[in-house]
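This is what each chain is made of:
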Amino acid sequence: MKRQLTVRGVVIGTGMPKVCVPLTGKSISELREEAALIKSVDADMVEWRADFFNDIEEFEEVMAALTVIRSSLPEIPLIFTFRSSKEGGEKELSLEGYVKLNERVTESGLVDFIDVELFSDEGTVKRLVKTAHENRVLVIVSTHDFEKTPPKEEILYRLRKAQELGADLPKIAVMPKDASDVLTLLEASHMMSTQYADRPIVAISMAGTGMVSRLSGELFGSALTFATAKKASAPGQMPAAELKKVLSLLHYQG
């Protein structure tokens, strides 16, 4: 039986896909404003995209920002993500800096998830997963392709590898060139969910062409989708309130 994740009362892996919105502020004051806005948005989860933060290499500032976010949004599950530039993020850190940042955030007790990039070396992924689980923090192991949609077999390989490495929530996001690419992603998502996964997964086709993948996760097996409260963190994200309405319509059982 596929396990579900329950975090601060939010159950991931059953029913409608849960809606996550990003925080992309460059400063603590911008993050405070964004967090206040999110209180009025019908979101299930929040992701702090820390690669947008100007002072990401100053850990005291990172902790101060995290404290503001957590105190502003005490009841909502919080994902900490430093997205590297090679995976579509805003900045790059050394491997040592990336590991240290994620470990210290994990040990802070302020986050519920960290996002670890699959194409970090395998030893790094295992180390960060181990540290997170020791601190009762869940792990998203993610992989992104902003240029293309890989073949179905490659998508499945990446999701299965993330699961093998201990991800609580394996994630892939890819860029479609046309509708057939979207179908490739959806077929791979469905196959992973029904044949290989023993936990929830996330599978997204980006940009406008891939919008249907953000809406149809309940049917094709993707447990989490991303929307906007203010600024998008990836191509194709739509406002959270509109996304929730569509998800509710698709969920309607008559």
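Relevant structure appears above.
One structure accompanies this document, and this report is about it. Keep in mind that this is a model prediction, so the values were computed, not measured.

1. Here we look at the packing of aromatic side chains
Then step 1. Scanning the entire structure with this criterion turns up 3 aromatic pairs.
Then step 2. Consider the rings of Trp 48 and Phe 53, whose centres lie 5.5 Å apart with planes at 70°: the pair is edge-to-face.
Then step 3. Owing to a relative accessible area of 0%, Trp 48 belongs among the buried residues under this scheme.
Then step 4. Its relative accessible area of 0% is what places Phe 53 among the buried residues.
Then step 5. Between Phe 82 and Tyr 98, the aromatic rings sit 6.4 Å apart at their centres with planes inclined by 65°, giving edge-to-face as the arrangement. Here Phe 82 is found in the loop between β5 (78-81) and α3 (95-107), whereas its partner Tyr 98 is found in helix α3, with 16 residues between them in sequence. Comparing Phe 82 with Tyr 98, the two get one shared label, buried.
Then step 6. The structure contains a cluster of three or more aromatic residues connected by ring pairs, namely Trp 48, Phe 53 and Phe 80.

2. Points about a negative patch on the surface
Then step 1. Taken together, the side chains of Asp 55, Glu 57, Glu 58, Glu 60 and Glu 61 make up a negatively charged region of the molecular surface.
Then step 2. Looking at where Glu 57 falls in the secondary structure, it is placed in the loop between β4 (45-49) and α2 (59-72).

3. Considering the environment of Glu 57
Then step 1. Residue class for Glu 57 comes out exposed when judged on its relative accessible area of 64%.
Then step 2. As a C-alpha pair, Glu 57 and Leu 101 span 44 residues in sequence and 8.3 Å in three-dimensional space.

4. So, the pairing of strand β6 (residues 113-117)
Then step 1. The element β6 is largely enclosed, with a buried count of 5 among its 5 residues.
Then step 2. One ladder, built from 3 bridges, connects β5 with β6; its direction is parallel. Each residue of the ladder has a partner; that of Ile 79, found in β6, is Phe 113.
Then step 3. For the handedness criterion, the β-α-β arrangement of β5, α3 and β6 is classed as right-handed.
Then step 4. Both β6 and strand β7 (residues 138-145) contribute to a ladder of 5 bridges, which runs parallel. Bridged to Phe 113 within β7 is Leu 138.
Then step 5. Handedness of the crossover joining β6 and β7 through helix α4 (residues 122-134) is recorded here as right-handed.

What counts and how
Residues numbered from 1 in each chain as written. Predicted model: local features only at pLDDT ≥ 70, side-chain atom pairs only at ≥ 80, totals over all residues. Heavy atoms only, no water. Phe/Tyr/Trp six-rings, centres within 6.5 Å; stacked < 30°, edge-to-face > 60°. Buried < 20%, exposed > 50% of the residue type's maximum accessible area, 1.4 Å probe, protein only. Helix = DSSP H or I, 4+ residues; strand = E, 2+ residues; numbered from the N terminus. Patch = residues over 30% accessible without salt bridge, like charges linked within 9 Å, V, L, I, M, F, W, Y side chains within 5 Å. Areas by Shrake-Rupley, 256 points an atom, 1.4 Å probe, with all protein chains shown as cover. Salt bridge = Lys/Arg side-chain N within 4 Å of Asp/Glu carboxyl O. Lys, Arg positive; Asp, Glu negative; His and termini not counted. Charge placed at Lys NZ, Arg CZ, Asp CG, Glu CD. Pairing = 2+ DSSP bridges. Right-handed = clockwise from strand over helix to strand, strands pointing away.

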